[in-house]
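Coordinates in review
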Amino acid sequence: MTTKKDMATLINLSRKFGQAFCDKDTFEEISSNHIVQQWKYQNDTFKITFPTNQSNEITVNNYYAKLRRKLKEINLVAPSESSMRLVSNFARVEELVLLDELWEELGADDAS
């Protein structure tokens, strides 16, 4: 994973994650003055709006925190090591690995 935070990386990460975890056929992305991503996960709605203009470091950090908060609101939190070891379903393991990678990139230990 990268160590430098930037808005394009965050938008792509959110898109990849949303498409992987959304309920069937619920992922939508609209791009105009802002990029709006909306999808459902277990019938809970996730929606986030990203700026399309150049963003300074403070803005980018705020959006990393905002994405962490939004994911927590729909109970998509970083998986524990024990949950990773106990899963026998391969599809579920892939989901947990993707979730773990997302939280590693977002900085799961950072204050949100």
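Going by the structure above, here's the rest.
What counts and what doesn't
Residues numbered from 1 in each chain as written. Predicted model: local features only at pLDDT ≥ 70, side-chain atom pairs only at ≥ 80, totals over all residues. Heavy atoms only, no water. Helix = DSSP H or I, 4+ residues; strand = E, 2+ residues; numbered from the N terminus. Buried < 20%, exposed > 50% of the residue type's maximum accessible area, 1.4 Å probe, protein only. Contact = heavy atoms within 4.5 Å. Areas by Shrake-Rupley, 256 points an atom, 1.4 Å probe, with all protein chains shown as cover. Salt bridge = Lys/Arg side-chain N within 4 Å of Asp/Glu carboxyl O. Phe/Tyr/Trp six-rings, centres within 6.5 Å; stacked < 30°, edge-to-face > 60°. Axes fitted to C-alpha atoms, helices over the stretch in contact; angles between N-to-C directions. Parallel < 35°, antiparallel > 145°, perpendicular 65-115°, else oblique. Left-handed = near helix turned anticlockwise from the far one by under 90°. Polar contact = N/O pair within 3.5 Å; in protein donor to acceptor, adjacent residues only side chain to side chain.

The number of helices and strands found in the protein chain is 4 helices and 3 strands. Element order for the protein chain, N to C, with α for helix and β for strand: α-β-β-β-α-α-α. Counting every position in the protein chain, which comprises 112 residues, the buried fraction comes to 32%. Of the contacts made within the protein chain by residues no fewer than 6 positions apart, 51% connect residues no fewer than 24 positions apart. For the protein chain, the accessible surface area stands at approximately 7,100 Å², while carbon and sulfur atoms represent 47% of it.

The final tally for this structure, using the stated rule, is 1 salt bridge. A salt bridge links Glu-29 to Arg-15; the shortest N-O distance between them is 2.9 Å. Within this pair, whereas Glu-29 is found in strand E1 (residues 28-31), its partner Arg-15 is found in helix H1 (residues 7-21), the two being separated by 14 residues in sequence. Assessed through its relative accessible area of 32%, Glu-29 is described here as partly exposed.

For the structure shown, the criterion picks out 5 aromatic pairs. Taking the centre distance of 6.3 Å and the plane angle of 65° together, the rings of Phe-17 and Trp-39 count as edge-to-face. Of this pair, Phe-17 sits in helix H1 while Trp-39 sits in strand E2 (residues 34-41), and the two are 22 residues apart along the sequence. What makes Trp-39 buried here is its relative accessible area of 1%. In textbook terms, an aromatic cluster arises when at least three aromatic residues are bridged by ring pairs, as seen for Phe-17, Phe-21, Trp-39, Tyr-41 and Phe-46.

Further remarks concern the packing of H1 against helix H2 (residues 57-73). To describe two helices that pack against each other, one gives the angle between their axes and the distance between the axes. Orientation of H1 relative to H2, taken along the N-to-C sense of each, is 15°, at an axis distance of 10 Å. Classed by the angle they form, the pair H1 and H2 counts as roughly parallel. Handedness of the crossing formed by H1 with H2: left-handed. Mapping the contact onto sequence places Met-7, Thr-9, Leu-10, Ser-14 and Phe-17 in H1 and Thr-59, Val-60, Tyr-63, Tyr-64, Leu-67 and Leu-71 in H2.

It is worth spelling out the side chain of Arg-68 at this point. Relative to the assigned elements, Arg-68 resides in helix H2. A relative accessible area of 3% places Arg-68 in the buried class. Polar side-chain contacts of Arg-68 include one of 2.5 Å to the backbone oxygen of Leu-106.

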